[in-house]
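Coordinate inspection notes
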Amino acid sequence: SENGIVCEKEKNICIASVNVIASHGDYVLNCDTLIAYFREGKDKKTELWQVEAQGNVILHSIKDHRVAYAQHGFYTLDDEHAILTGDNLKLEVDDLTVTATDALEYFKSKNIALAKGDAVAVKKDQMIKGETLISYFREGKDKKTELWQLEALENVTIQSTTDHHVAYAQHGLYTLDDEHAVLTGDNLKLEVDDLTVTARDSLEYFKNKNIAFAKGN
């Protein structure tokens, strides 16, 4: 950091300010101000257990293109859990972009990320909306982490950005490999140009095959 580090022993914190850069494992954190929280650990040794980032927060992986943007963030080292809040929340994973209004969370041990509050995911010509979006990651080629599935909860919309293909539901699963969407819940509806299809049980859409299934009266 440009302004150095100030430690307050009685509060068990250290504060770094102005153009702060911190790293832990595969992740690098940039922000305006960083507060490091310490505690008494094993053998009564002082250990770092949490960091708080304030202002222009960017958290990114050094192994692949995963970048999160926020104005405020907490990162807990024990469970490798990050929670980001503030304006202009955004998560970029390769060619997928996720935005939200309330919070972004990442659980490294579970390989999932959550976007909360009017969450929107855009990948090429596909857009997925929900009150909450859950991104599922796995180990892919060359042992790199890859996003393979999205889950949308409440007020779900999946639509094309290039034509009028829109599906509505309360729950949705979208698998990126085969571009397969499964929608369930109340008020299932699919609109394709001037055609409207409704269903009771589920709607399924295979984009790469250009076919859709509506199940249940």
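Parameters at a glance
- Residues numbered from 1 in each chain as written.
- Predicted model: local features only at pLDDT ≥ 70, side-chain atom pairs only at ≥ 80, totals over all residues.
- Heavy atoms only, no water.
- Helix = DSSP H or I, 4+ residues; strand = E, 2+ residues; numbered from the N terminus.
- Buried < 20%, exposed > 50% of the residue type's maximum accessible area, 1.4 Å probe, protein only.
- Contact = heavy atoms within 4.5 Å.
- Salt bridge = Lys/Arg side-chain N within 4 Å of Asp/Glu carboxyl O.
- Disulfide = S-S within 2.5 Å.
- Phe/Tyr/Trp six-rings, centres within 6.5 Å; stacked < 30°, edge-to-face > 60°.

**Description of the side chain of Glu-92**
If you trace the backbone, Glu-92 turns up in strand 7 (residues 89-93). With a relative accessible area of 16%, Glu-92 lands in the buried category. Ignoring anything within four residues of it in the chain, the contact list for Glu-92 reads His-65, Arg-66, Val-67, Tyr-69 and Thr-97.

**Focus: the pattern of salt bridges**
As enumerated under the stated definition, the model contains 13 salt bridges in all. With a shortest N-O distance of 2.6 Å, Lys-123 and Asp-95 are connected by a salt bridge. A residue pair is termed long-range when its members are at least 10 positions apart, and Lys-123 in strand 10 (residues 112-123) and Asp-95 in the loop between strand 7 and strand 8 (96-100) qualify at 28 residues. A relative accessible area of 36% means that Asp-95 is categorised as partly exposed. Note that Arg-138 is salt-bridged to Glu-146, the shortest N-O span being 2.8 Å. Taken together, the shared-partner salt bridges in this structure form one network comprising Asp-26, Glu-80 and Lys-108.

**As for the state of the cysteines**
All told, the structure shown has one disulfide when counted by the stated rule. A sulfur-sulfur distance of 2.1 Å marks the disulfide that ties Cys-7 to Cys-14. Between Cys-7 and Cys-14 the sulfur-sulfur dihedral comes to about 105°; the bridge is accordingly right-handed.

**What about the packing of aromatic side chains?**
With the rule as written, the count across this model stands at three aromatic pairs. Geometrically, the ring pair formed by Tyr-27 and Tyr-106 is tilted, given 6.1 Å between the ring centres and 55° between the ring planes. Highlighted residues: Tyr-27 in strand 3 (residues 27-40) and Tyr-106 in strand 9 (residues 103-107), separated in sequence by 79 residues. On the basis of relative accessible area, Tyr-27 is assigned to the buried category, the value being 10%. For Tyr-106, a relative accessible area of 13% translates into the label buried.

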